[in-house]
Amino acid sequence: MSIRAVIFDLDGTLLDTEKLLSECLIEAASEEGWRLEWDTVISCIGTTFEETERIIMKTMGQSFPYNLVREKSMLKFKKYLEESGTPFKTGAERLLGCLDLAGIPFGIATTTIRKEVDEILEFAGISDRFSTIVCGDEVTRGKPDPEIYLKAAETLGIETSEALVFEDSSHGINSAAAAGARVIWVPDLQEISEVVRGKCFEEIGSLDAACDRLGELVGC
């Protein structure tokens, strides 16, 4: 079946923000006198706001000031975007242009909450580019549950089997695969297991490479 739409994860897939978000969280924790390990933060990639809090609190202990640290980290993150602009993943802007030229609609399915997504896309100057955006606070069950991709496909007016999904995390891949979409893994910070890798249609090193092979990937 040919692909009728493309759905992107946001942080770490379309935008090169995952490393920055992680560094801001670790720095904010350090300012409050806590040592938050890189591996702990990386294990939260692709999870919901609630799951991220659960993982960190389990690791750090109940006295860890999670809400304060997260708030400070987001202020640092937004300050960076204001001063330096939003970093795109290699080939992201080119791929969006290629999809436009091909007449293929595209959307976003992200565990990030709507308020933050709107701000990030506004900073990036692409808030009006997407046919649909489904955020983590707009579904009952976050990734790896398939709900978010089922909802994104529905709002695009397609079956999930007609969607090509770009993801960087295990939770995201599991979510899209469970929904029945064709999943492309674009590696970022998180390694994935062979089991998860087996759920992917393919691994592609960058969105630039995906643009070069767009016809093949969408089945045109």
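Above: the structure in question.
Procedures and definitions
Residues numbered from 1 in each chain as written. Predicted model: local features only at pLDDT ≥ 70, side-chain atom pairs only at ≥ 80, totals over all residues. Heavy atoms only, no water. 1 Å grid on protein atoms, 1.4 Å probe; cavity = no way out; pocket = protein on both sides within 12 Å on 5 of 7 lines; lining within 4 Å. Points joined across faces, edges and corners; volume = space filled by probe spheres on them. Helix = DSSP H or I, 4+ residues; strand = E, 2+ residues; numbered from the N terminus. Nonpolar A, V, L, I, M, F, W, Y, C, P; charged D, E, K, R; others polar. Core = buried A, V, L, I, M, F, W, Y, C linked by side-chain atoms within 4.5 Å. Buried < 20%, exposed > 50% of the residue type's maximum accessible area, 1.4 Å probe, protein only. Contact = heavy atoms within 4.5 Å. Phe/Tyr/Trp six-rings, centres within 6.5 Å; stacked < 30°, edge-to-face > 60°.

Participant: Tell me what's going on with empty space enclosed by the protein, and back it up with residues and numbers.
Facilitator: By the definition in use, this model includes one cavity of 30 Å³ or more. In this structure, the largest cavity is lined by 25 residues; those nearest its centre are E18, L21, T52, R70 and T112. Mapped onto the lining of the largest cavity, the elements with two or more residues apiece are α1 (18–31), α3 (49–60), α4 (66–84) and α6 (114–124). Grouping the amino acids of the lining of the largest cavity by side-chain chemistry returns 11 nonpolar, nine polar and five charged.

Participant: I'd like a rundown of the nonpolar core, residues and numbers included.
Facilitator: Generally speaking, soluble globular proteins have nonpolar side chains that are buried together. Ranked by size, the top nonpolar core spans 39 residues in total, and within it F8, L14, L95, F130 and F166 carry the most contacts. The contact partners of L14, leaving out residues within four places of it in the chain, are F8, D9, F88, K89, A92, L96, I108, F130 and L207. In this structure, L156, A163, V196 and C200 belong to the second largest nonpolar core, which totals 22 residues.

Participant: So what about helix α7 (residues 147–156)? Which residues, and what values?
Facilitator: Within α7 the residues assigned to the buried category are E147, I148, Y149, A152, A153 and L156. After α7 finishes, the residue G157 shows a positive phi value of roughly 75°.

Participant: Requested: an account of the packing of aromatic side chains, with residues and values cited.
Facilitator: Taken as a whole, this structure holds five aromatic pairs when the rule is applied. Seen from their ring centres, F8 and F106 are 6.5 Å apart, and the 80° between their planes marks the pair as edge-to-face. Placement of F8 in strand β1 (residues 5–8) and of F106 in strand β2 (residues 106–109) is noted, with a sequence separation of 98 residues between them. In this structure F8 comes out as buried when scored by relative accessible area, which is 0%. Residue classification places F106 among the buried residues on the basis of a relative accessible area of 2%. Ring geometry for F49 versus Y66: centroids 6.2 Å apart, planes at 70°, classification edge-to-face.

Participant: Lay out the side chain of T160 in plain terms, naming residues and giving numbers.
Facilitator: Here T160 is to be found in the loop between α7 and β4 (163–167). Judged by its relative accessible area of 14%, T160 is buried. Other than its neighbours up to four places away in sequence, T160 contacts Y149, L150, A153, A179, G180 and A181.

So far we have only geometry, and geometry alone does not tell us how the molecule works.
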